[in-house]
Amino acid sequence: MRRRILLLTTGGTIASLPTEAGLAPGMGGAELAGLLPPDMGEHYDLTVRDILHLDSSNIQPEEWQTIARCVFEAREAYDGVVVTHGTDTMAYTASVLSFMLLGVPIPVVLTGAQLPMTHPLSDGPENLRTALAMAASGTAGVFLAFDRKVILGCRAVKTRTTDFDAFESVNWPLAATVDGKGLHVRLEVIPSWPGPCALRDKLCPKVFLIKLTPGLDPEIFDMLLQMHYRGIVIEAFGAGGLHFVRRDLTAKLQAAARAGITVVVCSQCLYEPSDFSLYEVGQKALAQGVIPGRDMTTEAAVTKLMWVLGQTGDPAVIRDYMERSLAGEMA
Ligand code: ASP
């Protein structure tokens, strides 16, 4: 039976054409689908909708809401949704959709390409084929398909600028792979949401990411408070440490907590969990009430915090949501 797949296009390199100002999104879904092998129609009943025409550097929380709403509306009429998207911020979109669409009953698969679909060496057709296969697999959840791999949406990180192997699944096994025998879905590593699917699309974009550098001036926190930021994610050092000698960041964490700012602490290391209880430089931060991000990617931590702060202002609920895994973002 042909699966009904909705192809939503948003722009990105996959849909880009050369212009005088550089590559810019120019193609729509009909043209992208037209560049796939002609027999795709035998496998999929494809419907195309062009919802955005943007380089993904221009995809922001408002666009996340547009995409989430389109997917939500499609959840009953289609067996799966493929979203074509620029690669640069695709991991952020995949992460945030994982939260906005918790419990989505169909596969939602983001994909893109390192070379435009019209380029003779483009990876676009391959990526699109993997995404379509995953979208037709009946596996509910949000995923990112690239280079014959399928990654859980909230675990994807872009790690390469030009290589076709551009994304990694960080601290989590691949959700599916493709080989000569077809698509292999690993259901045991794909979490399911116990409740019904709802469109939880409120977001608070006032979340700031600090990549800690030696000697960072603690007054940065005063500036963020003045700018009414409501959440801060800190990429701290190693397993979990922030400086307090001479420039005391921990004192500022206390001020942030008093002002009602939620602070989540992760590691600059891409792999393996952070553990702020290990060293004094981490414990001092924990004592100020920061929330450990454990093995979350930065993309997941930032988008989850935007999403949680959009759902509630209650500090206890914020902490509860941030401390437990909702979509598989934390082990
Ligand atoms: N700048 C492009 C984008 O993210 C890069 C890509 O799609 O690969 O839209």
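Everything in this summary refers to the structure shown in the same document. (Residues numbered from 1 in each chain as written. Predicted model: local features only at pLDDT ≥ 70, side-chain atom pairs only at ≥ 80, totals over all residues. Heavy atoms only, no water.)

As a working rule, side chains carrying opposite charge can pair if their charged atoms are close by. Per the stated rule, a full pass over the model turns up 15 salt bridges. In this structure, K252 and D222 form a salt bridge, with 2.9 Å as the shortest nitrogen-oxygen distance. Remark: D222 occurs in helix α6 (residues 220-226) and K252 occurs in helix α7 (residues 249-258); sequence separation between them is 30 residues. Linking D320 and R324 is a salt bridge whose minimum nitrogen-to-oxygen distance equals 3.1 Å. Among the charged side chains, a salt-bridge network with shared partners connects E126, R129 and R148. (Salt bridge = Lys/Arg side-chain N within 4 Å of Asp/Glu carboxyl O. Helix = DSSP H or I, 4+ residues; strand = E, 2+ residues; numbered from the N terminus.)

Spatially, β13-β14-β15-β16 is the arrangement adopted by the 4 strands of the open sheet, whose pairing is parallel. In the strand order of this sheet, the two ends are held by β13 (207-211) and β16 (291-292), each with one partner. Where helix α9 (residues 298-311) meets the sheet, it contacts β13, β14 (231-236) and β15 (262-267), and its direction lies at approximately 165° from that of β14. (Pairing = 2+ DSSP bridges. Contact = heavy atoms within 4.5 Å. Axes fitted to C-alpha atoms, helices over the stretch in contact; angles between N-to-C directions.)

For the rest of this paragraph, the subject is the packing of aromatic side chains. The geometry of an aromatic ring pair is captured by the separation of the ring centres together with the interplanar angle, meaning the angle of the planes. Using the criterion set out here, one finds 4 aromatic pairs in the structure. Between W307 and Y321, the ring centres sit 5.8 Å apart and the planes meet at 35°, which makes this aromatic pair tilted. Of this pair, W307 sits in helix α9 while Y321 is found in helix α10 (residues 315-323), placing the two residues 14 residues apart along the sequence. The partly exposed category is assigned to Y321, whose relative accessible area is 22%. (Phe/Tyr/Trp six-rings, centres within 6.5 Å; stacked < 30°, edge-to-face > 60°. Buried < 20%, exposed > 50% of the residue type's maximum accessible area, 1.4 Å probe, protein only.)

Mapped onto the elements of the fold, T87 is located in the loop between β5 (80-84) and α4 (90-100). Taking relative accessible area as the criterion, T87 reaches 4% and is therefore assigned buried. Within the local environment of T87, its side chain forms a polar contact with the side chain of K158, the two groups lying 2.9 Å apart. Dropping the residues within four chain positions of it, T87 is found in contact with S56, G112, A113, Q114, F146, K158 and F167. (Polar contact = N/O pair within 3.5 Å; in protein donor to acceptor, adjacent residues only side chain to side chain.)

The strand order across the open sheet built from 8 strands is β4-β1-β5-β6-β7-β8-β11-β12, with neighbouring strands paired in mixed fashion. Because the sheet does not close on itself, it has two edges, and the strands there are β4 (44-54) and β12 (182-185). Strand-to-strand twist in this sheet, taken as the mean axis angle between neighbours without regard to direction, amounts to 20°. Sheet strands touched by α4: β6 (107-111) and β7 (141-146). Its angle to β7, the strand with the most contacts, is close to 160°. The strands touched by helix α5 (residues 124-135) are β1 (3-11), β4, β5, β6, β7, β8 (149-152), β11 (176-179) and β12; relative to β6, the strand with the most contacts, the crossing angle is about 170°.

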